[in-house]
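Structural features, examined
These are the residues of each chain, in order.
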Amino acid sequence: MFTLLLFAFAGLVLTLSTSVFFYYQKSNSLANIRGPLSTSWLYGNMREFSLGEYGVRAFQWQKLYGTVYKLMNCFGERRLVVADQKALQFVLGNPQLFPRAPEHKELARILMGQGIFWAEGPDHKRHRTVMQPSFAASQLKALFPCFQETARMLASQLQNKFSTNEENVVEDVCPWLHKAALDIIGTAAFGHPFNSLLSDENAVARSYHNLLADSMTRGPLSIVVDAILQYMPVTLLRLFDKLPTKAMRKLRTNRALTLGLAKDLVERKLEVLKGGMESEKDVLSQIVHANVSQDPQTKMTPVEVYSQVSTIMLAGEETVANTAIWALYELAQDPELQDKVREEIRETYAAAHARGDTDLCATDLDNMPLTTAVMKETLRFHPALPMSLRKAAEDSIVPLAQSITTVSGEVVNEISIPADTIVIANSAGYNRLESVWGPDAHLFNISRWAKERKISHDATLGMYANLATFLSGPRGCIGYRFALIEFQMFLIELLKTFRFSIPPGIRIKRELALVTIPVVDGDPTRSQRMPLQLSLVEE
Ligand code: HEM
């Protein structure tokens, strides 16, 4: 037995050391790319990059080294951080050359199963073909009342926090926005009302509470573990899912509960379809159709169908909730801006009433320039997913929009990326480029979205407003239109009802837990929290 274990250990060490050796050989051609000096062989630059207030060091390095720079990961592995527009377009536009790294694909499987986020190549194309119609603008317009109703329920539940004669309450807005986002996804995508704004009874809804914040918060150990995982074969990576840690237990519970719900929803939908009811375009109808489809271009297996439910719930819930939370934070710091946005909301309602409508309609959202500017600036300044990792499948030459100076002093406008290099697609970095956004790129300033101010359009990227927030290419966010309507409805209903301010003595910082979460500075638990002071707006 002991000999067997010894052999297994020796095998593992040999695999690791050979992989590391070949890795170094391959990544040597990155030696000429500039980047910060590594402060530790064990951690490289990763502690500065991903721990503490997220983005602070990364933005400094971007300023020093340019839109592409090299970062040391653990054990001397070199990674490439890319915020250059052309390079991002190349990397994200060619998923066959730059697929997800196996360990990140595995993380996607642990979090969401084998759905669209996990799939690659022709399988991914098939998933995308099936899901695309559910996210078309026309389909989303039809869902407008659902967004509106939930946003109102959110405002009304927060209003219940005020007891008689109370002028202000301090409330952590995080759980509220997360519940509202989950309720919208449940109803709009799957016709399943979680009603989590009304009660905490639903076990599936409860399992989403702080899911990423509790399981994905970074620490020195997780940095090293991540670095080791990339040298492991996928079969070993799978064992990771079985670890008896609190974080993995939380993820497993969430997955099991969501799987149970998905099976139930699919069965019920199949009954409806068998009954000859007309087909709809919501996500559930699309994936159930795909399950029974005979066409190999659109056929989905039961596992893929169930995984789509987990994928849409997580991808849609965490991102929108966090974005809306950051928007409230920015508005809470700027009462004047808040008043102006509130006035625009009031005028939009007044115009709807004047034309004889009792309520806003979807097209009203297109005529709110100030609210839209706040949304764009929040998406720019606080991208929910600040980066995404890809691994070069083969050697490639990647063009740059902005030339960089190499270690040897040469100015180059293309770089060579060797196979196996991990590329960090740095969306947060792109969103702060002074060459694109101007010298005030590091300030939250909605006036950059005014028509008169021209944003550099030599560089355009992404699916919306030249932002990298939803990334771009065939794997860019499928749900961005959904997100925008939802985000806007949250702002409209919340600002119509409340004034927000920062409670005295509170400083918020941004931490990375796959998504960027707010944490109260000095809180040793580092839990996701955004306490804001709310007061009621007089009618
Ligand atoms: C502000 C809100 C949102 C942001 C910032 C956001 C951002 C992103 C980003 C950056 C990606 C690419 C990730 C990667 O490749 O590593 C992505 C993919 C995706 N998003 Fe979103 N998202 C948002 C809202 C939504 C919503 C509301 C839904 C669904 C209702 C959704 C569904 C998806 C799906 C399914 C993918 C995978 C697409 C694919 O691989 O083809 N997202 N999102």
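Computed from a predicted structure; not experimentally measured.

Focus: the sheet that holds strand S7 (residues 422–425)
The four strands are arranged S1-S2-S7-S4 in an open sheet whose pairing can be described as mixed. A strand with exactly one partner marks an edge of an open sheet, and here the two such strands are strand S1 (68–72) and strand S4 (388–391). The sheet shows a mean angle of 30° between the axes of neighbouring strands, taken without regard to direction. In the packing of helix H4 (residues 85–93) onto the sheet, contacts are made with strand S2 (78–82), S4 and S7, and the angle to S7 comes to roughly 115°.

A short note on the site of the ligand
In the neighbourhood of the ligand, 28 residues make up the surrounding shell, with Arg100, His124, Arg128, Ser388 and Cys477 lying closest. Between His124 and the ligand, the recorded distance is 2.6 Å, taken from a side-chain N or O atom to an oxygen atom. Between the ligand and the protein, one listed contact pairs an oxygen atom with a side-chain N or O atom of Arg128 at 2.7 Å. Of all the secondary structure elements, the ones that give two or more residues to the shell around the ligand are helix H6 (121–131), helix H16 (302–332), S4 and helix H21 (480–497).

Points about the packing of aromatic side chains
This model, assessed by the stated rule, comprises 15 aromatic pairs. Ring geometry for Trp41 against Phe75: centres 5.2 Å apart, planes inclined by 55°, an arrangement best described as tilted. Here Trp41 is found in the loop between helix H1 (2–27) and helix H2 (46–50), whereas its partner Phe75 is found in the loop between S1 and S2, with 34 residues between them in sequence. When its relative accessible area of 59% is taken as the criterion, Trp41 is described as exposed. Between Phe470 and Tyr480, the aromatic rings sit 5.7 Å apart at their centres with planes inclined by 50°, giving tilted as the arrangement. Of this pair, Phe470 sits in the loop between helix H20 (434–437) and H21 while Tyr480 is found in helix H21, placing the two residues 10 residues apart along the sequence. Judged on exposure class, the residue Phe470 and its partner Tyr480 are both buried. Pairwise contacts between aromatic rings join Trp61, Tyr65 and Tyr69 into one cluster. Geometry around Phe381 places Arg432 over its ring, the cationic atom sitting 3.8 Å from the centre. Above the plane of the ring of Tyr349 lies Lys496, whose end atom (NZ or CZ) is 4.8 Å from the centre.

Considerations on the UniProt feature "binding site: heme" (unreviewed entry) in the chain
In the numbering adopted here, UniProt assigns the feature "binding site: heme" (unreviewed entry) to Cys477. Mapping Cys477 onto the fold places it in the loop between H20 and H21. Residue Cys477 is classed as partly exposed on the basis of its relative accessible area, which comes to 29%. Non-local contacts of Cys477, meaning those with residues more than four positions away in its chain, are made with Arg128, Met463 and Phe470.

Overview of the pattern of salt bridges
By the definition in use, this model includes 30 salt bridges. A salt bridge links Glu434 to Lys63; its shortest N-O distance comes to 3.0 Å. Placement of the pair is Glu434 in helix H20 and Lys63 in helix H3 (residues 56–65), with a sequence separation of 371 residues. Relative accessible area serves as the criterion here: at 62%, Lys63 is assigned to the exposed category. Residue Arg152 pairs with Asp359 through a salt bridge whose shortest N-O separation is 2.8 Å. Placement of Arg152 in helix H8 (residues 144–159) and of Asp359 in the loop between helix H17 (335–354) and helix H18 (369–381) is noted, with a sequence separation of 207 residues between them. For Arg152, a relative accessible area of 28% corresponds to the partly exposed category.

Some points on the nonpolar core
One finds Leu177, Phe190 and Ile415 to be the most contacted residues of the largest nonpolar core, which totals 140 residues. Among the elements that line this core, the one with the most residues is H16, at 16 residues. Apart from residues no more than four positions distant in its own chain, Leu177 is found in contact with Leu154, Ala321, Ala324, Ile325, Leu328, Phe490 and Leu494. Counting residues in each nonpolar core, the second largest holds 22 residues, with Tyr65, Val224, Leu389 and Ile424 among its members.

Let's talk about the packing of H8 against helix H9 (residues 173–190)
At their nearest, the axes of H8 and H9 sit 10 Å apart, and the two run at 155° to each other. By the angle between their axes, H8 is roughly antiparallel relative to H9. Remark: the crossing between H8 and H9 carries right-handed chirality. Residues Cys146, Phe147, Thr150, Leu154, Gln157 and Leu158 of H8 pack against Trp176, Leu177, Ala180, Asp183, Ile184, Thr187 and Ala188 of H9.

Section: the sheet that holds strand S8 (residues 498–501)
With antiparallel pairing, the three strands of this open sheet are ordered in space as S3-S11-S8. Each edge of the open sheet carries a strand with a single partner, namely strand S3 (168–172) and S8. In this sheet, adjacent strand axes meet at a mean angle of 35° when their direction is disregarded. The sheet contact formed by S3 and strand S11 (residues 531–536) spans five bridges and is antiparallel. Note that in S11 the partner of Glu171 across the bridge is Leu532. In the packing of H16 onto the sheet, the strands contacted are S8 and S11, and the crossing angle to S8 comes to about 80°.

A closer look at H8
Since one α-helical turn is 3.6 residues long, residues separated by three or four positions face the same way. With 16 residues, H8 extends 23 Å from end C-alpha to end C-alpha; this agrees with the ideal 22 Å at 1.5 Å per step. Within the sequence span of H8, burial applies to Phe144, Cys146, Phe147, Gln148, Thr150, Ala151, Leu154, Ala155, Gln157 and Leu158. Each element contacted by the buried residues of H8 is listed here: helix H7 (137–142), S3, H9, H21, S8 and S11.

So, the side chain of Glu103
Inspection of the secondary structure puts Glu103 in helix H5 (residues 102–112). Nearest to the buried, unbridged Glu103 among oppositely charged side chains is Arg79, at 4.5 Å. Among all residues touching Glu103, those that are not within four sequence positions of it are Arg79, Leu229, Gln230, Leu237 and Ile422.

Procedures and definitions
Residues numbered from 1 in each chain as written. Predicted model: local features only at pLDDT ≥ 70, side-chain atom pairs only at ≥ 80, totals over all residues. Heavy atoms only, no water. Pairing = 2+ DSSP bridges. Helix = DSSP H or I, 4+ residues; strand = E, 2+ residues; numbered from the N terminus. Axes fitted to C-alpha atoms, helices over the stretch in contact; angles between N-to-C directions. Contact = heavy atoms within 4.5 Å. Near = heavy atom within 4 Å. Polar contact = N/O pair within 3.5 Å; in protein donor to acceptor, adjacent residues only side chain to side chain. Phe/Tyr/Trp six-rings, centres within 6.5 Å; stacked < 30°, edge-to-face > 60°. Buried < 20%, exposed > 50% of the residue type's maximum accessible area, 1.4 Å probe, protein only. Lys NZ or Arg CZ within 6 Å of the ring centre and 35° of its normal. UniProt positions renumbered as here; feature names shortened; annotations may be inferred. Salt bridge = Lys/Arg side-chain N within 4 Å of Asp/Glu carboxyl O. Core = buried A, V, L, I, M, F, W, Y, C linked by side-chain atoms within 4.5 Å. Parallel < 35°, antiparallel > 145°, perpendicular 65-115°, else oblique. Left-handed = near helix turned anticlockwise from the far one by under 90°. Expected span 1.5 Å × (residues − 1). Lys, Arg positive; Asp, Glu negative; His and termini not counted.

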